Amino acid sequence: MSTLQHTQYEQMTDEELVEHSLTNEDAFYSLIKRYEPVLLRYIHRMTSVNREEAEDILQDIFIKLYRNLNGFDTALKFSSWVYRIAHNEIISQYRKKKQAQYSIELDAGDDESRSLLNFLSDTMSVESEYIDKEKANLVGAVLESLAPKYRDVLVLRYFEDLSYDEISDILRKPPGSVATLINRAKDKFKKIAVKHKLESI
Amino acid sequence: MNDISKDTLKKIKEQRIVPRTKNYFLLRRSTVWMLFGLSIVLGSLAASVAVFQINNAEWDLFKHYRHSVLEFILLFIPYLWILFLIGFSIIAFYYFRRTESGYRYRAVTAVVLSILLSVAGGFAVYKTGLSERIETAFEDNIPFYRGTSFHSRMVWMAPEKGLLAGKITGIAEDGTIKLTDLNGKEWEINAGDALWRGRLSAVPELEIKLIGSKTDNNCFTAKEIRPWRGRQKNQGMGMGRQRGKMHQGMNSSQ
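The rules behind these values
- Within each chain, residues carry numbers counting from 1 in the order of the written sequence.
- As a convention, the first chain written is A and the first ligand written is 1, with the rest following in written order.
- Only residues with pLDDT of at least 70 get local features here, since the model is predicted, and only at 80 or more are side-chain atom pairs given and counted; chain-wide, interface and lining totals rely on the full set of residues.
- The score called pLDDT rates the predictor's confidence residue by residue, from a low of 0 to a high of 100.
- Any two residues are considered in contact once their C-beta atoms, placed from the backbone, lie within 7 Å.
- Here the axes come from fitting lines to C-alpha atoms, over the contacting stretch only for helices, and the angles between their N-to-C directions go from 0 to 180 degrees.
- Working definition: helices are DSSP H or I runs of at least four residues, strands are E runs of at least two. Numbering for both runs from the N terminus.
- Any angle from 65 to 115 degrees is called roughly perpendicular, while one under 35 is roughly parallel, one over 145 is roughly antiparallel, and all others are oblique.
- Whether a crossing is left-handed or right-handed is set by the direction in which the near helix is turned from the far one by less than a right angle, anticlockwise for left-handed and clockwise for right-handed.
- Any residue outside Ala, Val, Leu, Ile, Met, Phe, Trp, Tyr, Cys, Pro, Asp, Glu, Lys and Arg is labelled polar, Gly included; the first ten of those are nonpolar and the last four are charged.
- Buried, partly exposed and exposed are defined by the number of other C-beta atoms within 10 Å of a residue's own C-beta, namely 20 or more, between the two limits, and 12 or fewer respectively, with C-beta atoms placed from the backbone.
- To count as a nonpolar core, a set of buried Ala, Val, Leu, Ile, Met, Phe, Trp, Tyr and Cys residues must be joined through C-beta atoms within 7 Å.

J.: Tell me what's going on with the confidence of the model for chain B, and back it up with residues and numbers.
T.: All names here are of chain B. Chain-level pLDDT for chain B is 83 on average; 86% of the residues reach the 70-or-more range. In this model residues 232-254 is a low-confidence stretch, pLDDT under 50, and it forms 52 contacts with partners more than four residues away in sequence or in other chains. Confidence estimates for the predicted assembly give a pTM of 0.74 and an ipTM of 0.77.

In structure tokens form, the structure reads like this:
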């Protein structure tokens, strides 16, 4: 792919790239390149697989994406559709390898773990600026102990920073149910966090 | 770090992976909508028979029925068809949730919407008269279905309350009708002053329902005689259905 072509593709919207990808594989390369870091991070947040396994999952996601390009519903945001495919693939991989752990790994001092902890501040007096590696790890451990349905919504809401409508499109659930699920997940998270004395760190 | 995107593209080219066609997705979406539509149609047929049964139930029997109103109403509720209606509405909901944007609706909203669509369709089908044909087909061909109306039939087995049903076994010279009721008991029916609904006349083997009073252990004076399978609405207009053939459901209860 020439540099000129690459620059042209970089300036295109996701939807335009989808159109071009149907006739030009290089456009598809630009499209997936855009989502590679985002999805790789998402896979790591949703699973405890190592880097190689995460890359394998990501490749499967991209191939599924390519196969289904004509099925992209333009009523959706492309990013929501990509997350939906990624989410389904992760769940499908998890079911295939039930023996493998399905847990959260957070980077030390993760900004997103701070965002997840902010909602606890009313009841737990958490000073967000003091969130450190230990706290981030503990957030990860708490998330890991949650049921997958609660973990999913917390990761999408607080780590991927997505709106309720986007989460609704990804999980194929009504926005109202997403809001309820997030509230329940927050309650569960709080209870476990208190139990693990998250505020004492 | 590997360039996963590059590796993916290489794999796509090597394995000659191609995107599924637009028609594939069109067919998939159409199939889901078709199955949703089919569930609504089947739900409408079930609703139409339920409407037909409710509309044609013999509500005027209440004055002879000495139990509670609720008990009387429960006796005539078409449970089976309502169950079918709910079942098909749930199936319709299942497929609706699988349409492109069906997941955005709350489950309760989608189920209620499916039921309302089926009920609206049911009234439309009822107007065409198809519901009566469906019910007759079920009664004639499905023994299980006949069994489900056993309780409402047994309302007629209350001679003390003035209700009796059975099959004419003979007609005496003085006009007294000999009748075997649903339990196999022999009766002598005085029908001299009875009003015959549905253009009936007394012939052996005819199945009838009688409203009147018990005058002796095996004697009954009829004030009104209805055909066993006639419909209340039609009877009122003097056009009730009369069928000469034996009602099998009645046999089974004897």
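J.: Could you give an account of the packing of helix α5 (residues 78-96) of chain A against helix α10 (residues 164-171) of chain A, naming the residues involved and the relevant values?
T.: All names here are of chain A. Remark: α5 packs on α10, axes separated minimally by 8 Å, with the N-to-C direction vectors making an angle of 45°. Classed by the angle they form, the pair α5 and α10 counts as oblique. For α5 against α10, the interelement crossing comes out right-handed. Contacts between α5 and α10 pair S80, Y83, R84 and H87 from the former with E166, D169, I170 and L171 from the latter.

J.: Before we move on, could you go through the packing of helix α9 (residues 148-159) of chain A against helix α11 (residues 175-195) of chain A and cite the residues and values that matter?
T.: Residue and element names in this part refer to chain A. Look at α9 against α11: their axes get within 9 Å of each other, and the N-to-C directions meet at 100°. As judged from the angle between their axes, α9 and α11 are roughly perpendicular. Packed against α9, whose contacting residues are K149, Y150, V153, L154 and R157, the element α11 presents V178, L181, I182, R184, A185, K188 and F189 at the interface. Here the contact of α9 with α11 is composed, by residue class, of eight nonpolar, no polar and four charged.

J.: Let's hear about the interface of chain A and chain B: which residues, and what values?
T.: On the side of chain B, 21 residues touch chain A, which itself brings 26 residues to the contact. When contributions to the side of chain A that touches chain B are tallied by element, the ones reaching two or more residues are α3 (25-46), α4 (51-67) and α11 of chain A. Element by element, the count of residues in the side of chain A that touches chain B is highest for α4 of chain A, at seven residues. Grouping the amino acids of the side of chain A that touches chain B by side-chain chemistry returns 12 nonpolar, six polar and eight charged.

J.: Residues and numbers for unusual backbone geometry, please.
T.: With a phi close to 60°, D161 of chain A is a non-glycine residue in the positive phi region. Counting through the fold element by element, D161 of chain A comes out in the loop between α9 and α10. Residue D161 of chain A is classed as exposed on the basis of its C-beta count, with 11 C-beta atoms lying within 10 Å. The backbone of R16 of chain B sits at a positive phi, close to 50°, despite the residue not being glycine. As for its placement among the helices and strands, R16 of chain B is situated in the loop between α1 (4-14) and α2 (22-56). Assessed through the 6 C-beta atoms surrounding it within 10 Å, R16 of chain B is described here as exposed.

J.: Could you give an account of the nonpolar core, naming the residues involved and the relevant values?
T.: Grouped together as the largest cluster of nonpolar side chains are 51 residues, with contacts concentrated most on I43, L58, I61, V82 and A86 of chain A. Ranked by the residues each element gives to this core, the list is headed by α3 of chain A, at 10 residues.

J.: Residue-level account of the confidence of the model for chain A, with values.
T.: Close inspection of predicted coordinates is inappropriate for parts of the model with low pLDDT. All names here are of chain A. Per-residue confidence for chain A averages 81 on the pLDDT scale, and 77% of its residues sit at or above 70. Model confidence for chain A, summarised as mean pLDDT per element, is weakest for helix α7 (residues 121-124) at 44 and strongest for α10 at 95. Per-residue pLDDT stays below 50 along residues 100-109; that stretch engages in 26 contacts with residues further than four places along the chain or on separate chains. Counted against residues more than four places away or in other chains, residues 121-130, with its pLDDT under 50, gives 11 contacts.

J.: So what's going on with the environment of D181 of chain B? Which residues, and what values?
T.: All names here are of chain B. Summarising the element assignment, D181 is placed in strand β2 (residues 177-181). According to the C-beta neighbour criterion, D181 is buried, with 21 such atoms within 10 Å. Taking the C-alpha atoms as reference, D181 lies 24 Å from I73; in sequence the two are 108 residues apart. Leaving out residues up to four positions away in the same chain, D181 has contacts with M157, L164, A165, G166 and W187.

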